[in-house]
Amino acid sequence: RGRGRGRGGRFGRGRGFHQAAPMGAEAKFNAKFEKKVVKTAAQSKWKKSMAANNYRRWNDRDPVRIRDASVDVRPEWSVMGQFAFSELGKMTISEVPDGVDVHACGTLQPYDKNYDRINPKQEKKLVQSERAFFKVTTSDDPEIARLADDPAHKDVKVFATDAIVSVIMAAPRSAMGWDIVINKVDGRLFLDKRHGSPIDFVSCNETGNDFMSEDPESINHLGKLTAEATLINQHFSQQVLVDGAGSGSERASSASASAGEAPKPHAFAEPVTPFAAEVGPDDPPAAPVAYRYRLFEMGKPPKEGDDDTRVKMVVRTELDAVAKGKQEEDVFLRLFALNEVDARLTSGIDWRQKLDSQRGAVLATELKNNSCKLAKWTLQAMLASADLIKLGYVSRNHARDNNNHVLLGTQTCKPAEFARQINLNANNAWGILKSIVDVCLQLDEGRYLLLKDPNKPIIRLYTIPLDAFEEEEEAAAEEGGAEEED
């Protein structure tokens, strides 16, 4: 009977005795049951991208930049009409008109084919050219004035330049503001541009992501990017010529050795352009550019009993170089340059790494960022009946240096094929021009302004006084006189 309270009793070390567990282990044991354990999943790509974007949602975008108009609209100007981009996209013409040369002047220098072998591994420095380039408006062109007074062209209703016409044709692709001055005199339209108009400059990243700086001193400010792209185009168009900037006897001899004989320039009926003839002995030499004054007839012949709606137009077009074709015939070229600013800012592809292996991707990115510019270049080449377009790929030496550039490669394409590649409909482009011209021909005599709204897809037509831009014209004349005195 005494065994019941022995070792196994109440105070002994019998079968029912358990030693107290440490507090730390007991707390861990209870935590497994009292606290629900939730497994954390691995971080997804979406969360990583959100973290990189400071946890902003897909529609949390920066406020849209409010762009300034190319011309300040004055209160006394009245709106005569407007064209929405949605309407312009539906305009078309049945047949694209073929141009006929009515006059040609200038001398074209041959293109140096050695530049076709340039690649990112053998890049070439872009040499700055000291030659003069002329951006003369329609009304100041003496040859257009002669053609307008010629009785043989009394039925011509429109006079313009290829730069002005291409802006109207490619209007639905434009994002920046621009303006065209329309002078109606004796039932004829003279499409002009102001001095210092955006038409004179080459845009940069117009239709891409807006990365431009608000600081006027920044190299990525809109004004400096536009000036940079314009100078690059001028330098490239002269450097790739046999007699161009930095050519010298060494380049001419290499070209002659590769071709068997030295390439020869192509002179038109009038070898000197009217603008180059005004260059003085102390002025920089004029760039070797040729001009073709071409006659176009928009519209189709009317049926019996219908009104004749055909419109004849004379356009001054440009050519930049000449080359030899497969049959040793002269092939006319237009020269343009695409420039890379900073791949990280434009969400593009680094040209130095991808230009050789993925040139199609590079061109697709440029088409996204510069759709309007490429369309205008293609239309200018088609208006001039150029056989080929030479595109140069130019990049900065360093992303923070906008003064020194290198040429990474070139590309050759036919204007009609390139138009299909960039989804440019020539019938629609001519339809837009014909529709706007028809509206302007119904207006009274006077001066008008075709203005693209910089923040909306709309073009407005204003009636303006004859002295609307006299101050700008006088300032331009004084500036030109000061340069001649210097």
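Residues numbered from 1 in each chain as written. Predicted model: local features only at pLDDT ≥ 70, side-chain atom pairs only at ≥ 80, totals over all residues. Heavy atoms only, no water.

Chemist: Would you mind showing me how to read the sheet that holds strand E12 (residues 330-340) here?
Modeler: Across a sheet, paired strands are connected by hydrogen bonds in the backbone, their directions being either parallel or antiparallel. With mixed pairing, 5 strands are arranged side by side in an open sheet as E4-E14-E13-E12-E11. Across the chains shown, the open sheet's two edge strands, defined by having one partner strand only, are strand E4 (124-125) and strand E11 (321-324). Bridging between strand E13 (residues 388-398) and strand E14 (residues 401-413) involves 9 bridges; their strand directions are antiparallel. Along E14, the bridge assignment pairs Ile389 with Cys413. Where helix H6 (residues 222-239) meets the sheet, it contacts E4, E12, E13 and E14, and its direction lies at approximately 145° from that of E12. (Pairing = 2+ DSSP bridges. Helix = DSSP H or I, 4+ residues; strand = E, 2+ residues; numbered from the N terminus. Contact = heavy atoms within 4.5 Å. Axes fitted to C-alpha atoms, helices over the stretch in contact; angles between N-to-C directions.)

Chemist: I tried to follow the pairing of E12 on my own but got confused; where do I start?
Modeler: For a regular strand, side chains alternate in direction, first toward one face of the sheet and then toward the other. The element E12 is extensively covered by neighbouring structure, given that 10 of its 11 residues are classed as buried. Hairpin connection between E11 and E12: a loop of 5 residues separates the two successive antiparallel strands, and Glu328 in this loop has a positive phi of roughly 65°. Alignment of E12 against E13, held across 8 bridges, turns out to be parallel. Each residue of the ladder has a partner; that of Glu340, found in E13, is Ser395. (Buried < 20%, exposed > 50% of the residue type's maximum accessible area, 1.4 Å probe, protein only.)

Chemist: Sorry, what's going on with unusual backbone geometry here?
Modeler: As a rule of thumb, non-glycine residues mostly have phi less than zero, and peptide bonds are mostly trans rather than cis. Within the chain, Glu328 stands out as a residue other than glycine whose phi angle is a positive 65°. Looking at the secondary structure, you find Glu328 in the loop between E11 and E12. One non-glycine residue, Ser385, adopts positive backbone phi at about 55°. Along the chain, Ser385 turns up in the loop between helix H11 (371-383) and E13.

Chemist: Explain the pattern of salt bridges here, please?
Modeler: Opposite charge on two side chains permits them to pair, given that their charged atoms come into close proximity. As enumerated under the stated definition, the model contains 17 salt bridges in all. One salt bridge connects Lys324 with Asp330, and the closest N-O pair in it is separated by 2.9 Å. The exposure class of Asp330 is partly exposed, given its relative accessible area of 32%. Salt bridges here are not isolated pairs; linked through shared partners, they connect Asp101, Arg292 and Arg294. (Salt bridge = Lys/Arg side-chain N within 4 Å of Asp/Glu carboxyl O.)

Chemist: Explanation requested: helix H4 (residues 142-149) in the structure shown.
Modeler: Along an α-helix, residues three or four positions apart point the same way, because every turn accommodates 3.6 residues. Among the residues making up H4, those that are buried are Glu143, Ile144, Leu147 and Ala148. Along the axis of H4, the buried residues cluster in a sector spanning 140°; they form a single face. Summarising the contacts, the buried residues of H4 are in contact with strand E2 (100-105), strand E5 (158-161), strand E7 (188-192), strand E9 (290-298) and strand E10 (311-319). Measuring from the side-chain oxygen of the N-cap residue of H4 to the backbone nitrogen of Glu143 gives 2.9 Å; that N-cap residue is Asp141. (Arc of directions from axis to C-beta. Polar contact = N/O pair within 3.5 Å; in protein donor to acceptor, adjacent residues only side chain to side chain.)

Chemist: Got a minute to help me understand the nonpolar core in this structure?
Modeler: Grouped together as the largest cluster of nonpolar side chains are 76 residues, with contacts concentrated most on Ile180, Ile182, Met313, Trp430, Leu433 and Leu450. If one sorts the elements of this core by residue count, helix H13 (residues 426-441) sits on top with 7 residues. Core analysis: the second largest hydrophobic core is formed by 16 residues, Tyr111, Phe236, Ala323 and Val394 among them. (Core = buried A, V, L, I, M, F, W, Y, C linked by side-chain atoms within 4.5 Å.)

Chemist: How should I be thinking about the sheet that holds strand E16 (residues 458-464) in this particular structure?
Modeler: An order of E1-E16-E15-E6-E7-E5-E10-E9-E2 is seen for the 9 strands of this open sheet, with the pairing classed as mixed. A strand with exactly one partner marks an edge of an open sheet, and here the two such strands are strand E1 (78-84) and E2. Strand-to-strand twist across the sheet, computed as the mean angle between neighbouring axes with direction ignored, equals 20°. Direction of pairing for E5 relative to E7: parallel, over a ladder of 2 bridges. Considered in E7, the bridge of Phe159 is made with Phe190. Of the strands in this sheet, E1, E5, strand E6 (179-185), E7, E9, E10, strand E15 (446-452) and E16 touch H13, which is tilted by about 125° from E10.

Chemist: What is the right way to look at the packing of helix H5 (residues 162-169) against H11 in this model?
Modeler: The axes of two packed helices give the description: the angle between them and the distance between them. Relative to each other, H5 and H11 sit at 125°, their axes nearing to 9 Å. Our classification of the angle between H5 and H11 gives oblique. Of the two possible hands of crossing, H5 and H11 adopt the one that is right-handed. Side by side, H5 and H11 meet where Asp162, Ala163, Val165, Ser166, Val167 and Met169 of the first sit next to Lys376, Leu379, Gln380 and Leu383 of the second. Across the contact of H5 with H11, the residue classes tally to 6 nonpolar, 2 polar and 2 charged. (Parallel < 35°, antiparallel > 145°, perpendicular 65-115°, else oblique. Left-handed = near helix turned anticlockwise from the far one by under 90°. Nonpolar A, V, L, I, M, F, W, Y, C, P; charged D, E, K, R; others polar.)

Chemist: Would you mind going over the environment of Phe418 with me for this structure?
Modeler: Looking at where Phe418 falls in the secondary structure, it is placed in helix H12 (residues 415-421). Judged by relative accessible area, which is 2%, Phe418 ranks as buried. Between the C-alpha atoms of Phe418 and Thr378, which are 40 residues apart in sequence, the distance is 7.3 Å. The residues contacting Phe418, other than those within four sequence positions of it, are Leu363, Leu374, Thr378, Leu391 and Cys413.

Chemist: I keep staring at the side chain of Thr138 and nothing clicks. Help me out?
Modeler: One can find Thr138 in the loop between E4 and H4. A polar atom in the side chain of Thr138 sits 2.6 Å from the backbone oxygen of Leu191. Not counting chain neighbours up to four residues away, the residues in contact with Thr138 comprise Ile144, Phe159, Ala160, Thr161, Ile164, Phe190, Leu191 and Asp192.

Chemist: Sorry, what's going on with the packing of aromatic side chains here?
Modeler: Both the distance between ring centres and the angle between the ring planes are used here to describe each pair of aromatic rings. Taken as a whole, this structure holds 9 aromatic pairs when the rule is applied. Between Phe268 and Phe332 the ring centres are 5.6 Å apart and the planes differ by 35°, which places this aromatic pair in the tilted class. Highlighted residues: Phe268 in the loop between strand E8 (266-267) and E9 and Phe332 in strand E12, separated in sequence by 64 residues. Under the relative-accessibility criterion, Phe268 is labelled buried at 13%. Seen from their ring centres, Phe275 and Tyr291 are 5.4 Å apart, and the 90° between their planes marks the pair as edge-to-face. (Phe/Tyr/Trp six-rings, centres within 6.5 Å; stacked < 30°, edge-to-face > 60°.)

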